[in-house]
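# Observations on the three-dimensional arrangement
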Amino acid sequence: MTALASTDPRYEMLSIDELCEWLKISKNTAYKQHSQGTGPPAYRLGKHLRFMRSEVLEWLQTKRDSA
């Protein structure tokens, strides 16, 4: 990863707590979506899940309600 990428907010890695605060969802919901494969892409680092901000934004675009 370049120095630019490490300071670019799109590459920021979010914890489960940060993800839930940002999306205004419960940790239960986030874990359930992860286990069902319906949530944003995640990386397991040890026993912790991490989410790349840019990938969460891409995932959110797929959830857009067209109604």
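Further up the page is the structure itself.
Structure report, in brief. These numbers come from a predicted model, not from an experiment. (Residues numbered from 1 in each chain as written. Predicted model: local features only at pLDDT ≥ 70, side-chain atom pairs only at ≥ 80, totals over all residues. Heavy atoms only, no water.)

## Focus: the pattern of salt bridges
Defined as follows: A pairing counts as a salt bridge when a side-chain nitrogen of Lys or Arg comes within 4 Å of a carboxyl oxygen of Asp or Glu. A run of H or I in DSSP counts as a helix once it spans at least four residues, and a run of E counts as a strand once it spans at least two, with each numbered from the N terminus.
The full count for this structure, using the stated rule, is two salt bridges. For arginine 53, the salt bridge identified is with glutamate 12, shortest N-O distance 3.0 Å. Placement of the pair is arginine 53 in helix 4 (residues 53-62) and glutamate 12 in the loop between helix 1 (3-7) and strand 1 (13-14), with a sequence separation of 41 residues. Across the pair aspartate 17 and lysine 27 runs a salt bridge whose closest N-O atoms are separated by 3.3 Å.

## Some points on the packing of aromatic side chains
We count it as follows: Working definition: rings of Phe, Tyr and Trp (its six-membered ring) pair if their centres are within 6.5 Å, and the pair is stacked with planes under 30 degrees apart, edge-to-face with planes over 60 apart, and tilted otherwise. By definition here, charges over rings are those cases where NZ of Lys or CZ of Arg is within 6 Å of the ring centre and within 35 degrees of the ring normal.
Counted under the stated rule, the structure contains zero aromatic pairs. Lying over the aromatic face of tryptophan 22, arginine 53 brings its terminal NZ or CZ to 4.6 Å of the ring centre.

Distances and angles like these do not, on their own, reveal function.
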